[in-house]
Amino acid sequence: MKKTVSKLKKELDKWFSLYIRLKDCNEYGMVQCYTSGRVYHYKKIHAGHFISRRHLSTRWLEQNVKPQSAADNLFGQGEQYKFGLHLDSEYGLGTAEELQLIARQPFKMMRIDYVEKISYYKDLVNKIKKEKNIE
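Note that the structure is predicted; figures quoted are calculated from it, not measured.

## A look at the overall build of the protein chain
Check the secondary structure of the protein chain and you find 6 helices and 4 strands. Starting at the N terminus and ending at the C terminus, the protein chain contains elements arranged as α-β-β-β-α-β-α-α-α-α. Here the protein chain has a C-alpha radius of gyration of 15 Å; the compact-globule value for 135 residues is 14 Å, and the two agree. Principal-axis analysis of the C-alpha atoms gives the protein chain an extent of 45 × 40 × 25 Å. Burial analysis of the protein chain (135 residues in total) assigns 41% to the buried set.

Following this line, the structure appears as structure tokens:
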């Protein structure tokens, strides 16, 4: 039986989140929080979104999502101001504003888009885990 789009979306969130938390981690699985600079194990950190996940056009956009501690992501409401400053510093002035514009664009994903993105991020996660020899 085919998975529902909501199940595919949930699965894509899982693999994308893992990728975001793994891609910059060291060989011990440790990664730095984008907004606080503190270091956490990738299993103990979130994939924090600058623009809320409810906006599908930026939900899986790598520039919009960074490793972020639970303290900053949940209790600090994502530390959006700091997040935006870091984005502008990393990618160039105006990046945070550009992401806000992208978020307002209409965006539709088809079932095949979800399936392809799941496969893409799943492969990347497995490749990173193998390269860094982390579980």
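## A look at the pattern of salt bridges
Summed over all chains, the structure comprises 6 salt bridges. For E11, the salt bridge goes to K3, with nearest N and O atoms at 2.5 Å. The exposure class assigned to K3 is partly exposed, which follows from its relative accessible area of 41%. Among the ionic pairs, K66 bridges to E90, the shortest N-O distance being 3.9 Å. Of this pair, K66 sits in strand β4 (residues 65-68) while E90 is found in helix α4 (residues 80-91), placing the two residues 24 residues apart along the sequence. The class of K66 is buried, set by a relative accessible area of 4%.

## Description of α4
With 12 residues, α4 extends 16 Å from end C-alpha to end C-alpha; this agrees with the ideal 16 Å at 1.5 Å per step. Those residues of α4 that sit buried are F83, G84, L87 and D88. For α4, the arc enclosing every buried residue in end-on projection is 135°, short of the 170-degree limit, so these residues lie on one face. Away from its buried face, by an angle of more than 90 degrees, α4 presents the exposed residues Y81 and S89. Of the surrounding elements, those touching the buried residues of α4 are β3 (46-49), β4 and α5 (95-103).

## Quick look at the packing of α4 against α5
Between α4 and α5, the least distance of the axes is 7 Å, while the angle of their chain directions is 110°. Comparing the axis directions of α4 and α5 gives the class roughly perpendicular. Here Q80, G84, L87, D88 and Y91 of α4 come into contact with α5, specifically with T95, A96, L99 and Q100. In the contact of α4 with α5, the residues fall into 4 nonpolar, 4 polar and 1 charged.

## Brief notes about the environment of L22
Relative to the helices and strands, L22 resides in helix α1 (residues 5-22). Considering only alpha carbons, one finds L22 and L124, 102 residues apart in sequence, at a separation of 9.6 Å. Leaving out residues up to four positions away in the same chain, L22 has contacts with Y42, V125, I128, K129, K132 and I134.

## Comments concerning the packing of aromatic side chains
Applying the stated rule across the entire model yields 6 aromatic pairs. Taking the centre distance of 5.8 Å and the plane angle of 85° together, the rings of W60 and Y114 count as edge-to-face. Of the two residues, W60 is situated in the loop between α2 (56-59) and β4 and Y114 in helix α6 (residues 111-132); the sequence distance between them amounts to 54 residues. Neither residue differs from the other here; W60 and Y114 are each classed as buried. An aromatic cluster is defined as three or more aromatic residues linked by ring pairs; in this entry it consists of F16, Y19, Y120 and Y121.

Thresholds applied
- Residues numbered from 1 in each chain as written.
- Predicted model: local features only at pLDDT ≥ 70, side-chain atom pairs only at ≥ 80, totals over all residues.
- Heavy atoms only, no water.
- Helix = DSSP H or I, 4+ residues; strand = E, 2+ residues; numbered from the N terminus.
- Rg over C-alpha atoms; globule rule 2.2 N^0.38 Å.
- Buried < 20%, exposed > 50% of the residue type's maximum accessible area, 1.4 Å probe, protein only.
- Salt bridge = Lys/Arg side-chain N within 4 Å of Asp/Glu carboxyl O.
- Expected span 1.5 Å × (residues − 1).
- Arc of directions from axis to C-beta.
- Contact = heavy atoms within 4.5 Å.
- Axes fitted to C-alpha atoms, helices over the stretch in contact; angles between N-to-C directions.
- Parallel < 35°, antiparallel > 145°, perpendicular 65-115°, else oblique.
- Nonpolar A, V, L, I, M, F, W, Y, C, P; charged D, E, K, R; others polar.
- Phe/Tyr/Trp six-rings, centres within 6.5 Å; stacked < 30°, edge-to-face > 60°.

The analysis is restricted to geometry; functional conclusions fall outside its scope.
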